[in-house]
Amino acid sequence: QQQVKQSPQSLIVQKGGISIINCAYENTAFDYFPWYQQFPGKGPALLIAIRPDVSEKKEGRFTISFNKSAKQFSLHIMDSQPGDSATYFCAARGADSNYQLIWGAGTKLIIKP
Amino acid sequence: DTAVSQTPKYLVTQMGNDKSIKCEQNLGHDTMYWYKQDSKKFLKIMFSYNNKELIINETVPNRFSPKSPDKAHLNLHINSLELGDSAVYFCASSQDSTGYAEAFFGQGTRLTVV
């Protein structure tokens, strides 16, 4: 199945809190999982990505946790800031011959000051 | 210098008209894409070109026709515009078509069909 399910659809977090966005997939042939961040009026931009041979990847306040057996991965934003308010998309490299990215539906994150 | 630039940024037009959106990338990338983002922010790939050759052609109406005159440009022409075509259209590029390469997006073209 060429699907990535993302939740929640929207999320409100207090400044300084931890934001957590979850994604799940079915196809075990997926082998690359990026997260993109989109600010209003802008195109998405790569934030962080992980391959299934590691369980965690951290870049600054952003961490991807990857659970291969559960076929789930999540984005954690530590010490969330108002500037993190954006829409976040998870994605997976598809397993068909085109290797196109399969996108989650997006999570609108609002960080309250 | 803008890496992926698309014009126009806004496009308001009447039903039945034909319009084009232009995209250029100065990153030297081999692969370019068109995405459609609807009002719920869902991103849907429409087309992908690698070195001017069409490699992804998702199920979109044949009123949509991409054209890649060279690997730095990918334009989108839309015939007989319908209300349901209203969306934000993003052009993107990546180093290659492996699926591992980072995709760089333009700022989007907001198309409104009235």
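Before reading on, note that the structure itself is shown above.
What this report covers is the structure whose coordinates are included nearby.

Cut-offs used in this document
Residues numbered from 1 in each chain as written. Chains lettered and ligands numbered in written order. Predicted model: local features only at pLDDT ≥ 70, side-chain atom pairs only at ≥ 80, totals over all residues. Heavy atoms only, no water. 1 Å grid on protein atoms, 1.4 Å probe; cavity = no way out; pocket = protein on both sides within 12 Å on 5 of 7 lines; lining within 4 Å. Points joined across faces, edges and corners; volume = space filled by probe spheres on them. Helix = DSSP H or I, 4+ residues; strand = E, 2+ residues; numbered from the N terminus. Nonpolar A, V, L, I, M, F, W, Y, C, P; charged D, E, K, R; others polar. Phe/Tyr/Trp six-rings, centres within 6.5 Å; stacked < 30°, edge-to-face > 60°. Buried < 20%, exposed > 50% of the residue type's maximum accessible area, 1.4 Å probe, protein only. Lys NZ or Arg CZ within 6 Å of the ring centre and 35° of its normal.

1. Overview of the layout of surface pockets
Rolled over the atoms, a probe with the dimensions of a water molecule shows which regions are left empty.
Point 1. For the largest pocket, the calculated volume is near 300 Å³.
Point 2. As for the largest pocket, its lining consists of 18 residues, and the residues nearest its centre are Gln2, Ile102 and Trp103 of chain A together with Phe42 and Leu43 of chain B.
Point 3. Where the lining of the largest pocket is concerned, the elements lending two or more residues are strand 1 (4-7) and strand 10 (101-103) of chain A together with strand 5 (43-50) of chain B.
Point 4. The residue inventory of the lining of the largest pocket, partitioned by class, reads 9 nonpolar, 5 polar and 4 charged.
Point 5. Reported here for the second largest pocket is a volume of approximately 220 Å³.
Point 6. As for the second largest pocket, its lining consists of 16 residues, and the residues nearest its centre are Gly43, Pro44 and Ala45 of chain A together with Phe105 and Gly106 of chain B.
Point 7. Listing elements by their share of the lining of the second largest pocket, those giving two or more residues are strand 5 (45-50) of chain A together with strand 10 (104-105) of chain B.
Point 8. Within the lining of the second largest pocket, the residues separate by chemical class into 9 nonpolar, 5 polar and 2 charged.

2. Observations regarding the packing of aromatic side chains
Point 1. Inspection of the entire model under this criterion finds 18 aromatic pairs over all chains.
Point 2. Relative to Phe30 of chain A, the ring of Tyr25 of chain A lies with its centre 5.9 Å away and its plane at 35°, an arrangement referred to as tilted.
Point 3. Phe30 of chain A sits in the buried class, given a relative accessible area of 2%.
Point 4. A centroid spacing of 6.2 Å and a plane angle of 55° characterise the contact between Tyr25 of chain A and Phe73 of chain A, whose relative ring orientation is tilted. Placement of Tyr25 of chain A in strand 3 (residues 19-25) and of Phe73 of chain A in strand 8 (residues 72-77) is noted, with a sequence separation of 48 residues between them. Of the two residues examined, Tyr25 of chain A and Phe73 of chain A, each falls in the buried class.
Point 5. Through a chain of ring-to-ring contacts, three or more aromatic side chains come together here, namely Tyr36, Phe89 and Trp103 of chain A together with Tyr33, Tyr35, Phe90 and Phe105 of chain B.
Point 6. Geometry around Tyr100 of chain B places Arg51 of chain A over its ring, the cationic atom sitting 4.1 Å from the centre.
Point 7. The ring of Tyr100 of chain B has Arg93 of chain A lying over it, and the distance from NZ or CZ to the ring centre is 4.0 Å.

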